[in-house]
Amino acid sequence: MMSFAEWRMWLKSLPWVFKWFTWLVILRPIIDNFYFLKEISPLLSPLYIVGVLTPVMLIFSFVSPSFRSKYRSPIGDVLFGLWGSLVFINAFAIFLSEASLDLFGDVIRLTTPVMLFFYLRHMISSRKDLNGVLQAFLIGCIFPAVIFIYEQIFGAIAPDYLSSGRGGGARIQGAYADIMSYAIYIVGSFLVVSYFFIRKLELGIVTRRDFWFLGIVLFIDILGLMAIKQVSTYSVMAVLIALMLFYLFRNRRTTVLVLLTLPIIVIVSLKIYESSLGQMVDKEIRVIEGESDVNRSFNGRMTRWNKYFDLWAEMPGYSVYFGAPTSGFKEARIMIGGGMHSDYVRNLFLTGIVGLIIYMLFLLSMFIKSLLLNTYDRYLALASLMALLLHSVSTTPLLYVSYFYLLLVIFSFILLPINRINEQA
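Residues numbered from 1 in each chain as written. Predicted model: local features only at pLDDT ≥ 70, side-chain atom pairs only at ≥ 80, totals over all residues. Heavy atoms only, no water.

S.K.: Describe the overall build of the chain, naming the residues involved and giving the relevant values.
M.R.: A count of helices and strands for the chain gives 17 helices and two strands. Across the 425 residues of the chain, 52% fall into the buried class. By sequence separation, contacts in the chain at least 24 residues apart represent 74% of the contacts at least 6 residues apart. In the structure as shown, the chain presents an accessible area of about 19,500 Å², 68% of it carried by carbon and sulfur atoms. (Helix = DSSP H or I, 4+ residues; strand = E, 2+ residues; numbered from the N terminus. Buried < 20%, exposed > 50% of the residue type's maximum accessible area, 1.4 Å probe, protein only. Contact = heavy atoms within 4.5 Å. Areas by Shrake-Rupley, 256 points an atom, 1.4 Å probe, with all protein chains shown as cover.)

As structure tokens, this is what we get:
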């Protein structure tokens, strides 16, 4: 982790084609708070304006003379390119079926991650670039952290009340569109800070201040988990904390610390389960044991999935294999949106069986590459993949801009040649 002065020097050294994205990462948590202005007019919403300007800036960056060459990754680039091609084809198929301003917004939303991936493959050319953007993400996390602390002291800005079947009580979401925004900053801040900590530990340059910083971030993140009451984010954080403890336990300097803190973590986890998770998890257990209808699984999402899978089966064969939007069915727009509440299901409908297989092969290639990395880079790679894979079960991370900002930056670094990654290890 660079000092703030070093980070500023890095940012200042970037050409404009990469500097604008770094500022966007920092400002995105603030911009997302203006989500509800779209109800007045899309032209007044900074969120919509940034959404439209992002692909424009990406295109200008691609054609700029200062846009540097990338370090190629034949497998990763090809797999993501094939999947991305199917995304583009199906996004425009939806738009052409019924051209409108709303559908054009859907095209931008679906295709931006693809464009951004290939942009970042050029931007992230060294460890300094990785660390610089990760620190920018942390700086951006300050705003939602302040809003969260405010809500803890003075009460929720816009509380989301849960039914008794989902555990009851209210969960907070700030001024964001939904609780997933808080979840992204909870998971992202822990992921970045724990990566920097493990790296410093492995290099033998960790300080007492680093221990305190990790502890404070973890404490705030745990409070955030209890406040948003989202099962998928509990699962992600549980796995990430377990992974971090595994890496810390392997290091002699922190083995005793892990053994001392493990009982505390277990007690806190049980407390969280009893206060927030118990009823929600019990519903899923009853489904598994056959006491409840299978349609009630995944918080009732299985009912919706079954409905659209039945419709999907009626589509032409080429749509089943390459994407529902090519079928011409008007329901295809719903099937490729956030309403599916699962990126696996949404991806299957968006790019078909072939597209989902290619996407999973891309993630598999990332996992295989991670096994060749040094300890702290392997931790970063595995933690990122686990976060994406687990959140994708019941949420749609690739539709949340701040999430794929972070994940695609990390993936772009992992795809660098091994010797390039180790140059500044």
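S.K.: For the nonpolar core, give the residues involved together with the corresponding values.
M.R.: Ranked by internal contacts, the top residues of the largest apolar core, which has 130 residues, are Phe21, Tyr119 and Phe411. Top element by residues in this core is helix α7 (residues 180–203). It accounts for 16 residues. Apart from the residues lying within four places of it in its own chain, the contact partners of phenylalanine 21 are Leu116, Tyr119, Leu120, Met123, Val133, Tyr405 and Val409. (Core = buried A, V, L, I, M, F, W, Y, C linked by side-chain atoms within 4.5 Å.)

S.K.: Tell me about the pattern of salt bridges, residues and numbers included.
M.R.: What the rule picks out here adds up to eight salt bridges. Residues arginine 28 and aspartate 32 are paired through a salt bridge, measuring 2.9 Å at the closest nitrogen-oxygen approach. Aspartate 32 carries the same exposure label as arginine 28, and that label is buried. Notably, a salt bridge pairs lysine 200 with aspartate 210, separated by 3.2 Å at the nearest N-O pair. Here lysine 200, found in helix α7, pairs with aspartate 210, found in helix α8 (residues 208–228); they are ten residues apart in sequence, far enough to count as distant. Through salt bridges that share partners, Lys70, Asp77 and Arg121 make up one connected network. (Salt bridge = Lys/Arg side-chain N within 4 Å of Asp/Glu carboxyl O.)

S.K.: Give me the layout of surface pockets: which residues, what numbers.
M.R.: Taken as a whole, the largest pocket holds about 1,300 Å³ of empty space. Around the largest pocket, the lining comprises 39 residues; the ones closest to its centre are Tyr35, Leu47, Tyr48, Gly105 and Arg109. Of the residues forming the lining of the largest pocket, the biggest block, nine residues, is contributed by helix α5 (residues 101–123). Broken down by class, the residue content of the lining of the largest pocket amounts to 22 nonpolar, nine polar and eight charged. (1 Å grid on protein atoms, 1.4 Å probe; cavity = no way out; pocket = protein on both sides within 12 Å on 5 of 7 lines; lining within 4 Å. Points joined across faces, edges and corners; volume = space filled by probe spheres on them. Nonpolar A, V, L, I, M, F, W, Y, C, P; charged D, E, K, R; others polar.)

S.K.: Describe the packing of helix α6 (residues 127–154) against helix α16 (residues 401–414), naming the residues involved and giving the relevant values.
M.R.: Between α6 and α16, the least distance of the axes is 10 Å, while the angle of their chain directions is 165°. Classified by the angle between their axes, α6 and α16 sit roughly antiparallel to one another. When you trace α6 past α16, the crossing you get is left-handed. Facing Arg127, Leu130, Val133, Leu134 and Phe137 of α6, the residues of α16 in contact are Ser402, Leu406, Val409, Ile410 and Phe413. Taken together, the residues of the contact of α6 with α16 sort by class into eight nonpolar, one polar and one charged. (Axes fitted to C-alpha atoms, helices over the stretch in contact; angles between N-to-C directions. Parallel < 35°, antiparallel > 145°, perpendicular 65-115°, else oblique. Left-handed = near helix turned anticlockwise from the far one by under 90°.)

S.K.: Go over a nonpolar patch on the surface with me, naming the residues and quoting the values.
M.R.: Together, Trp16, Ile49, Val52, Leu53, Val56, Ile59, Phe60, Phe62 and Val63 make up a nonpolar patch on the protein surface, roughly 830 Å² of accessible area in all. At eight residues, helix α3 (residues 46–63) tops the list of elements feeding residues into the nonpolar patch. Structurally, the position occupied by valine 63 is in helix α3. (Patch = residues over 30% accessible without salt bridge, like charges linked within 9 Å, V, L, I, M, F, W, Y side chains within 5 Å.)

S.K.: Quick one: what's the story with the side chain of arginine 127, residue by residue and with numbers?
M.R.: Along the chain, the position of arginine 127 falls in helix α6. Classification of arginine 127 as buried rests on a relative accessible area of 2%. At a separation of 3.1 Å, a polar atom in the side chain of arginine 127 contacts the main-chain carbonyl oxygen of isoleucine 421. (Polar contact = N/O pair within 3.5 Å; in protein donor to acceptor, adjacent residues only side chain to side chain.)

S.K.: Outline the packing of aromatic side chains, listing residues and values.
M.R.: Per the counting criterion, the structure on display carries 32 aromatic pairs. Note on tyrosine 176 and tyrosine 182: the rings are 5.8 Å apart at their centroids and 70° apart in plane angle, and the pair reads as edge-to-face. Centre to centre, the rings of tyrosine 195 and phenylalanine 196 are 5.3 Å apart; their planes meet at 45°, and the pair counts as tilted. Per residue, the accessibility class of tyrosine 195 equals that of phenylalanine 196, and both read buried. The rings of Phe18, Trp20, Phe21, Phe62, Phe67, Tyr119, Phe404 and Tyr405 are connected pair by pair, giving a single aromatic cluster. (Phe/Tyr/Trp six-rings, centres within 6.5 Å; stacked < 30°, edge-to-face > 60°.)

S.K.: Can you tell me about unusual backbone geometry, naming the residues and giving the values?
M.R.: Trans peptide bonds make up the majority, and among non-glycine residues the majority have a negative phi. Positive phi is not limited to glycine here, since lysine 229 has a value of about 50°. Here lysine 229 is to be found in the loop between α8 and α9 (231–249). Phi is positive for histidine 341, close to 55°, though the residue is something other than glycine.

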